[in-house]
Amino acid sequence: ARTSRGGPRLSAAEFSDEWIEEGVEEWEQKLEEHLGVAFTTRETVESVRVPGCTDRLTLGWPKVQSVMSLVINGATISSALYELDGETGTLIYRSGFIPTYPATVTYQHGYETILAAVKRSTSLYLEHLAAMDKAGSGPSVARLGFDGGASTSFIRSNPAAGSLTPWEDVNDIVRTLPNYRIPGVA
C-alpha cells in the first residue's frame with residue numbers, strides 16, 4: 001500500500017508496483033529462511049526421507065496448519081491414520097514409516113495472520129531499498145557526513161549474529177520475531 005514507517009511514501013512514478021512486489025518477495029524469502037517459519041500461509045509439497053523405522057516424520061516447516069495429503073509408496077493415506085503436531089510440523093503415523101517407502105506430504109504452513117512486526121520490517125526494508133536505489137549505492141555502504149567533508153563506511157549484514165540486513169532499525173524488529181531455527185541446524 002506504499003505506506004511509510006519513517007520516510008516519504010514510495011512514489012508510483014519512481015517505484016513501480018512490480019518493483020515493490022519484488023522487494024516484498026525478496027524480504028519474505030530472507031525473513032522466512034532466517035527464522036525458519038513462514039509469516040503467511042504457504043503450501044508446500046515435500047518428499048520426506050524416512051530416517052529409519054519410525055512412526056514420526058518431521059516436516060521442513062513448522063506451524064503446519066493442515067495436511068492436504070500424505071502419500072506413502074504411491075498410496076494415499078487416510079487422515080484418520082495419522083496425527084499432526086502442527087506447531088513442530090511432526091506427523092505421527094500409527095502404522096509406522098518404512099525407510100524404503102517414499103513419503104510425499106502436501107501441506108499448508110505458516111502464520112494465518114501476518115504479524116504487525118513483519119509488516120513494519122517489510123516497510124522499513126523497502127524504504128531502505130528505495131533510498132539505496134535513489135543514491136545508486138549498494139546495501140553495504142553508508143555515507144557519513146561531517147563538517148568539511150564526508151566519509152564512507154562499509155556495513156554488512158551478519159545473520160549469524162542477528163543482523164539479517166545492514167540496517168539496524170530493520171534488524172531490531174527482526175530480533176523480536178519468533179525464531180523456529182534449531183541452533184546448529186541449517
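Anything mentioned here points back to the structure above.
This one's a predicted model, so the numbers in the text were calculated from it and none came from an experiment.

Draft legend 1. Broad picture of helix α1 (residues 17–35). Spanning 19 residues, α1 covers 27 Å between terminal C-alpha atoms, matching the ideal 27 Å at 1.5 Å per step. The complete set of buried residues in α1 reads I20, G23, W27, L31, E32, H34 and L35. For α1, the angular spread of buried residues about the axis comes to 160°, placing them on one side. Turned more than 90 degrees from where α1 packs its buried face, E18, E21 and E25 sit exposed. The first or second residue beyond α1 is G36, which carries a positive phi of 70°.

Draft legend 2. Spatial organisation of unusual backbone geometry. Positive phi, close to 55°, is recorded for K63, a residue that is not glycine. One can find K63 in the loop between β2 (54–58) and β3 (64–72). The phi dihedral of N73 is positive, around 50°, even though this residue is not glycine.

Draft legend 3. Representation of the sheet that holds β2 within the structure. The antiparallel open sheet is built from three strands, whose spatial order is β2-β6-β5. Sheet topology places β2 and β5 (82–85) at the edges, where each strand pairs with a single neighbour. The average angle at which neighbouring strand axes cross in this sheet is 25°, direction not considered. Bridging between β2 and strand β6 (residues 90–97) involves four bridges; their strand directions are antiparallel.

Draft legend 4. The arrangement of the sheet that holds strand β1 (residues 42–48) in detail. Across the sheet, four strands lie side by side as β1-β7-β3-β4; this open sheet has antiparallel pairing. Taken across any chain shown, the strands that pair with only one partner, and hence form the sheet edges, are β1 and β4 (75–76). When β3 meets strand β7 (residues 103–109), the two strands line up antiparallel, connected through seven bridges. Counted as the bridge partner of V67 is Y107 from β7.

Draft legend 5. Representation of the pattern of salt bridges. Considering all chains together, one arrives at seven salt bridges under this definition. The shortest N-O distance in the salt bridge between E83 and R94 comes to 3.8 Å. You can see E83 sitting in strand β5 and its partner R94 sitting in strand β6, a full 11 residues away along the chain. A residue is classified by how much of its surface remains accessible, and R94, at 52% relative accessible area, is exposed. Residue E168 pairs with R175 through a salt bridge whose shortest N-O separation is 3.2 Å. Given the relative accessible area of 40%, E168 is considered partly exposed. The class of R175 is partly exposed, set by a relative accessible area of 41%. One salt-bridge network, held together by shared partners, links E28, E32 and R42.

Reading guide: rules and limits
Residues numbered from 1 in each chain as written. Predicted model: local features only at pLDDT ≥ 70, side-chain atom pairs only at ≥ 80, totals over all residues. Heavy atoms only, no water. Helix = DSSP H or I, 4+ residues; strand = E, 2+ residues; numbered from the N terminus. Expected span 1.5 Å × (residues − 1). Buried < 20%, exposed > 50% of the residue type's maximum accessible area, 1.4 Å probe, protein only. Arc of directions from axis to C-beta. Pairing = 2+ DSSP bridges. Axes fitted to C-alpha atoms, helices over the stretch in contact; angles between N-to-C directions. Salt bridge = Lys/Arg side-chain N within 4 Å of Asp/Glu carboxyl O.

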